[in-house]
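Residue-level listing of the chains:
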Amino acid sequence: MPKSKLTDRFGRTVNYVRLSVTDRCDFRCVYCMAEDMTFLPRQQVLTLEEIARVARNFVDLGTEKIRLTGGEPMVRKDILELVREIGTYGLRDFAMTTNGSQLSHMAEPLRKAGLHRLNISLDSLDEDKFRTITRTGRLSHVLDGIDAAREAGFRGIKLNTVVMKGRNDEEIPELIEFARRKQVDISFIEEMPLGEISEHDRGLALCTSDEVRDIIRKRHDLVPATEDSGGPARYYRMPDSPIRVGFISPHSHNFCSTCNRVRVTVEGRLLLCLGNEHSVDLRRVLRGNPVNDEKLRQTIINAMDLKPERHHFSSDGDVQILRFMNMTGG
Ligand code: SAM
Ligand code: SF4
């Protein structure tokens, strides 16, 4: 595997790319979307071939890890074809983030198509609360999906929970017991101020990772895990379980100094930081140079100079980034 040719002004090496494959979704989670969303017209969205071309060129530049995300990746028609194609690029790690709604029938085909790992969002184990948070989701479908994923033999499965005060914070012990029972990792995420929402006040809803950890420690010892994911999550282990418990804390712990990742939106905008607007239009380069990849690679290399040193999320709930998470590719 070639060493990454992508280094930024602060000496950080970028070897991890998150590709958004759609801005659409079958859920409308309250922290991610407005209830009434307008989605992108088709011609603005990269084709599957264009997404694969972006992926291939990142791999040529030394990328070792790709995560497909969205929106909900599974609502993109022919997603399996894209997974099959990227699965041939020899990645060290190939993952997808999903809401799990279609996993009961998609888990095995995804695994067979070459996907290594899955992150599945799960914010509540209560059918009514799950419905309130996702607005349209059915908990039973996601639970069936988690079981199907376990049976499909992925290298790793992790649950992702966005914790909101007064919404699902009282379910933290139950979610931990669920993850222990199913033998899957779980990460708790602080809500980020991406996109303007009116449904709740993010400042009031913020439940910090320290608070979540204190709740878990009432029942379980949490020992910091020695391995480093290189990412924003801090991992812990419990003495009597093989699972890892992660905390993603954009507010309370700044993780920018070790950031190794960039994102590409489904419009082909290369985003250098989740918490900043810096971006480069790859779609223009892709469509302007349909055969030769040299310009695309050079544009990606040059874009590294734009990667900012850090993000500046504030915890008062103010929106600093107007993009919704479904546009960004969480
Ligand atoms: N639809 C898939 C899903 O829900 O897993 C993939 C896309 S979703 C945007 C990726 C992750 O971002 C999910 O785990 C979701 O919970 C998280 N997310 C969305 N909006 C967020 C926000 N404002 N703050 C923190 N996490 C957020
Ligand atoms: Fe859809 Fe995922 Fe956003 Fe929820 S978090 S609305 S499932 S994209």
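Residues numbered from 1 in each chain as written. Chains lettered and ligands numbered in written order. Predicted model: local features only at pLDDT ≥ 70, side-chain atom pairs only at ≥ 80, totals over all residues. Heavy atoms only, no water.

In the nomenclature of an unreviewed UniProt entry, the protein corresponds to GTP 3',8-cyclase from the organism Marinobacter santoriniensis NKSG1. Turning to the protein, the UniProt record has this under Pathway (unreviewed entry): "Cofactor biosynthesis; molybdopterin biosynthesis." Per UniProt, the comment on the protein under Sequence similarities (unreviewed entry) is "Belongs to the radical SAM superfamily. MoaA family." (UniProt positions renumbered as here; feature names shortened; annotations may be inferred.)

Trainee: It is not clear to me how the pattern of salt bridges should be interpreted in this structure. Could you clarify?
Mentor: Where side chains of opposite charge bring their charged atoms close, a pairing between them can arise. Applying the stated criterion across every chain, the model contains 21 salt bridges. A salt bridge links glutamate 177 to arginine 219; the shortest N-O distance between them is 3.8 Å. Taken together, the residues glutamate 177 in helix α6 (residues 172-182) and arginine 219 in the loop between α8 (209-217) and β7 (223-224) connect sequence positions 42 residues apart. The class of glutamate 177 is partly exposed, set by a relative accessible area of 23%. Bridged by salt links that share partners, the residues Glu177, Arg180, Arg219 and Asp240 form one connected network. (Salt bridge = Lys/Arg side-chain N within 4 Å of Asp/Glu carboxyl O. Helix = DSSP H or I, 4+ residues; strand = E, 2+ residues; numbered from the N terminus. Buried < 20%, exposed > 50% of the residue type's maximum accessible area, 1.4 Å probe, protein only.)

Trainee: Help me understand the nonpolar core in this model?
Mentor: Core analysis: the biggest nonpolar cluster contains 96 residues, and Leu19, Phe58, Leu68, Ile86, Leu110, Leu122 and Phe188 have the highest contact counts within it. Contact partners of isoleucine 86, with chain neighbours within four places excluded, come to Leu19, Ala55, Ile66, Leu68, Leu91 and Phe94. (Core = buried A, V, L, I, M, F, W, Y, C linked by side-chain atoms within 4.5 Å. Contact = heavy atoms within 4.5 Å.)

Trainee: Where do I start with the site of ligand 1 in this structure?
Mentor: Residues in contact with ligand 1 amount to 19 residues; listed here are only the nearest, Tyr31, Gly71, Thr98, Ser121 and Met192. Take glutamate 72: an N or O atom from its side chain is 3.2 Å from a nitrogen atom of ligand 1. In this structure, a nitrogen atom belonging to ligand 1 sits 2.7 Å away from a main-chain N or O atom of methionine 192. For ligand 1, the accessible surface in isolation is 540 Å², of which the surrounding protein chains cover 96%. Among the secondary structure elements, those contributing two or more residues to the shell around ligand 1 are β3 (93-98), β5 (156-163) and β6 (185-190). Among the residues making up the shell around ligand 1, the classes are represented as six nonpolar, nine polar and four charged. (Near = heavy atom within 4 Å. Polar contact = N/O pair within 3.5 Å; in protein donor to acceptor, adjacent residues only side chain to side chain. Areas by Shrake-Rupley, 256 points an atom, 1.4 Å probe, with all protein chains shown as cover. Nonpolar A, V, L, I, M, F, W, Y, C, P; charged D, E, K, R; others polar.)

Trainee: Just checking my understanding: could you explain the UniProt feature "binding site: [4Fe-4S] cluster 1" (unreviewed entry) in the protein for this structure?
Mentor: Taking the numbering used here, the UniProt-annotated feature "binding site: [4Fe-4S] cluster 1" (unreviewed entry) corresponds to Cys25, Cys29 and Cys32. Topologically, cysteine 25 is positioned in the loop between β1 (16-20) and α1 (48-60). By relative accessible area, cysteine 25 is classed as buried at 17%. Excluding residues within four positions of it along the chain, cysteine 25 makes contact with Met33, Phe39, Gly71, Glu72, Val75 and Asn99. Following the sequence through the fold, cysteine 32 ends up in the loop between β1 and α1. In this structure cysteine 32 comes out as buried when scored by relative accessible area, which is 14%.

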